[in-house]
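# Structural overview
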Amino acid sequence: MESTLHILEEMNDRSREVFRRVVESYLATGDPVGSRTLTRGMSEKVSAATIRNVMQDLEYLGLLDSPHVSAGRVPTQQGLRMFVDGLLEVRNVEETDRETIDATLSSNSEDVSGALDRIGSALSGVTQGASLVLSPKHEAPIKHIEFVSLGPDRALVVLVFADGHVENRIFHPPAGQTPSAMREAANFLNSMVEGRTVSELQTVITAQIEARRQEVDQLAHQLVESGLAVWDGEADTYERLIVRGRSNLLESDADEGELDRIRSLFDDLERKRDIAEFLELTDQGEGVRIFIGSENKLFSLSGSSLVVSPYMNSDRKIVGAVGVIGPTRLNYGRIVPIVDYTAQLVGKLIADRS
């Protein structure tokens with residue numbers, strides 16, 4: 001970022017204007033921009049030959065590229081980065097966009113996951129990109145835990161929270177599970193859950209299992225560990241990621257090569273690969289962040305951009321994030337404030353219902 005901004009500061013007014021107009025035109029149309037087109041709107045009267053020289057200099061700096069020999073120029077990833085960091089004019093959220101997003105909260109339902117799903121769909125709709133919403137972990141105290149057998153190699157672990165929220169996950173129990181072992185495992189856990197959240201329960205289980213090894217059957221031990229593992233680490237993360245609007249990217253005016261990269265991106269998302277890359281963005285502090293192309297590992301194959309913002313709970317702790325994926329020629333000036341507004345709205349929703 002610092003190096004690209006240094007280049008921007010070194011530019012003269014003419015070079016800066018040519019660069020800005022090439023990028024703005026490309027973001028609006030997706031087409032290369034030629035010198036003759038630029039001469040018609042420059043603030044000073046200059047020849048097409050002069051502008052061509054400026055564009056060649058910008059290409060030499062790595063900010064523009066020529067997709068074809070006779071065509072105009074398009075910004076490179078480095079050029080887009082410099083534009084976003086130094087020249088982007090962020091607009092206010094348009095009233096119609098604000099109303100569409102606000103309407104998702106018109107329901108009086110206490111179902112936060114349903115509200116986040118609606119928000120994700122609305123965000124995808126107004127941006128014409130794909131939306132990602134990372135919902136927060138449910139951190140209310142647990143009231144009760146139950147194991148339910150679904151077959152020889154499948155079981156259900158059910159968590160009932162003190163606030164009435166219920167979650168259940170399917171997992172693979174250890175071989176040889178029995179109804180009595182499931183009851184014993186549930187009783188063992190319920191003796192410890194009173195007033196504890198899932199995170200707090202995880203920290204005491206290992207010590208308790210070790211201390212009470214003589215009291216609890218080995219099979220029940222394994223049930224406890226495998227049953228609660230589905231709430232810990234990556235499996236829990238995947239349950240929390242809501243992706244909406246895939247069709248927006250697949251129906252864009254992209255060429256077949258770009259569409260293949262986009263399909264690859266969504267295949268990765270559906271298989272939950274590299275989601276940790278997205279989650280790490282929520283640990284970087286407040287505010288909207290923009291990742292262009294290969295700047296983020298998750299999107300390096302797709303040639304896509306990610307605009308993402310974390311949101312916070314009532315304790316000002318970052319608990320999730322919202323984002324929009326689109327082609328690198330996103331309308332950043334419009335989408336950045338939409339993502340920012342949506343993140344603030346989700347934060348307020350979580351704080352009000354916690």
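Keep in mind that this is a model prediction, so the values were computed, not measured.

### Some thoughts on the overall build of the protein chain
Per the secondary structure count, the protein chain includes 15 helices and 10 strands. Sorting the 354 residues of the protein chain into buried and exposed places 46% on the buried side. Excluding contacts between residues fewer than 6 apart, the proportion of contacts in the protein chain whose partners are at least 24 apart in sequence is 61%. Carbon and sulfur atoms form 46% of the exposed surface of the protein chain, whose accessible area is close to 17700 Å².

### Let's talk about the nonpolar core
By size, the foremost hydrophobic cluster in this structure holds 53 residues, and its most contacted members are Met 11, Val 18, Phe 19, Leu 58, Val 307 and Tyr 332. It is helix 15 (residues 332–353) that provides the largest number of residues to this core, a total of 11 residues. Residues within four places of Val 307 in sequence aside, it is in contact with Val 288, Arg 289, Ile 290, Val 322, Gly 323, Val 324, Leu 330, Tyr 332, Ile 335, Val 336 and Val 339. In this structure, Ile 142, Met 182, Leu 189 and Val 204 belong to the second largest nonpolar core, which totals 20 residues.

### Some words on the packing of helix 7 (residues 112–127) against helix 15
Put simply, helix 7 and helix 15 touch, their axes get as near as 11 Å, and they point 170° apart. Relative to helix 15, helix 7 is oriented roughly antiparallel. Across from Val 112, Ala 115, Leu 116, Ile 119, Leu 123, Val 126 and Thr 127 in helix 7, the residues of helix 15 making contact are Arg 334, Ile 335, Ile 338, Thr 342, Val 346, Leu 349, Ile 350 and Arg 353. Across the contact of helix 7 with helix 15, the residue classes tally to 11 nonpolar, two polar and two charged.

### Side note on the sheet that holds strand 4 (residues 142–151)
Strand order in this open sheet of three strands is 4-5-6, and the pairing throughout is antiparallel. Looking at strand neighbours, the two that pair on one side only are strand 4 and strand 6 (166–171), the edges of this open sheet. Sheet twist, expressed as the mean angle between neighbouring strand axes with direction ignored, is 15°. The pairing of strand 4 with strand 5 (residues 154–161) spans eight bridges and is antiparallel. The partner of Ser 149 across the bridge, within strand 5, is Ala 155.

### Observations regarding the packing of aromatic side chains
Taken as a whole, this structure holds zero aromatic pairs when the rule is applied. The ring of Tyr 341 is capped by Arg 98, whose NZ or CZ atom sits 4.8 Å from the centre of that ring.

### Side note on the pairing of strand 5
With six of eight residues buried, strand 5 is to be regarded as a mostly interior element. Connecting strand 4 to the antiparallel partner strand 5 that follows it, the hairpin turn spans two residues. Counted between consecutive antiparallel strands, the loop separating strand 5 from strand 6 contains four residues, among which Gly 164 sits at a positive phi close to 95°.

### Some thoughts on unusual backbone geometry
Although it is not a glycine, Gln 128 adopts a positive phi angle of roughly 55°. Mapping Gln 128 onto the fold places it in the loop between helix 7 and strand 3 (130–134).

### Considering a nonpolar patch on the surface
A cluster of nonpolar side chains, contributed by Val 148, Leu 150 and Ile 170, occupies part of the molecular surface with about 230 Å² of accessible area. Relative to the helices and strands, Leu 150 is located in strand 4.

### Looking at the environment of Ser 25
Looking at the secondary structure, you find Ser 25 in helix 2 (residues 13–29). As for Ser 25 and Leu 38, which are separated by 13 residues in sequence, their C-alpha atoms are 9.6 Å apart. In this view, Ser 25 contacts Gly 30 and Val 33; residues no more than four positions away in its chain are not counted.

### Details of the environment of Thr 29
Secondary-structure assignment places Thr 29 in helix 2. Assessed through its relative accessible area of 41%, Thr 29 is described here as partly exposed. Each C-alpha atom, one on Thr 29 and one on Arg 329, is 8.7 Å from the other, the two residues being 300 residues apart in sequence. In this structure the side chain of Thr 29 is engaged in a polar contact, spanning 3.1 Å, whose partner is the backbone nitrogen of Asp 31.

### Topic: the pattern of salt bridges
Taken as a whole and judged by the stated rule, the model has nine salt bridges. With a shortest N-O distance of 3.0 Å, Glu 24 and Arg 20 are connected by a salt bridge. Note that Glu 24 and Arg 20 are positioned in helix 2 at a spacing of four residues, about one turn of the helix. Under the relative-accessibility criterion, Arg 20 is labelled partly exposed at 27%. Arg 91 is the salt-bridge partner of Glu 94, the closest N and O atoms lying 3.3 Å from each other. With relative accessibility at 34%, the residue Glu 94 sits in the partly exposed group.

### Considering the side chain of Thr 342
Assignment of secondary structure puts Thr 342 in helix 15. Thr 342 gets classed as buried once you look at its relative accessible area, which sits at 0%. Within the structure, Thr 342 has its side chain in polar contact with the backbone oxygen of Ile 338 (distance 2.8 Å). In this structure, Thr 342 is in contact with Ile 101, Ile 119, Leu 123 and Val 322, ignoring residues within four places of it in sequence.

Cut-offs used in this document
Residues numbered from 1 in each chain as written. Predicted model: local features only at pLDDT ≥ 70, side-chain atom pairs only at ≥ 80, totals over all residues. Heavy atoms only, no water. Helix = DSSP H or I, 4+ residues; strand = E, 2+ residues; numbered from the N terminus. Buried < 20%, exposed > 50% of the residue type's maximum accessible area, 1.4 Å probe, protein only. Contact = heavy atoms within 4.5 Å. Areas by Shrake-Rupley, 256 points an atom, 1.4 Å probe, with all protein chains shown as cover. Core = buried A, V, L, I, M, F, W, Y, C linked by side-chain atoms within 4.5 Å. Axes fitted to C-alpha atoms, helices over the stretch in contact; angles between N-to-C directions. Parallel < 35°, antiparallel > 145°, perpendicular 65-115°, else oblique. Nonpolar A, V, L, I, M, F, W, Y, C, P; charged D, E, K, R; others polar. Pairing = 2+ DSSP bridges. Phe/Tyr/Trp six-rings, centres within 6.5 Å; stacked < 30°, edge-to-face > 60°. Lys NZ or Arg CZ within 6 Å of the ring centre and 35° of its normal. Patch = residues over 30% accessible without salt bridge, like charges linked within 9 Å, V, L, I, M, F, W, Y side chains within 5 Å. Salt bridge = Lys/Arg side-chain N within 4 Å of Asp/Glu carboxyl O. Polar contact = N/O pair within 3.5 Å; in protein donor to acceptor, adjacent residues only side chain to side chain.

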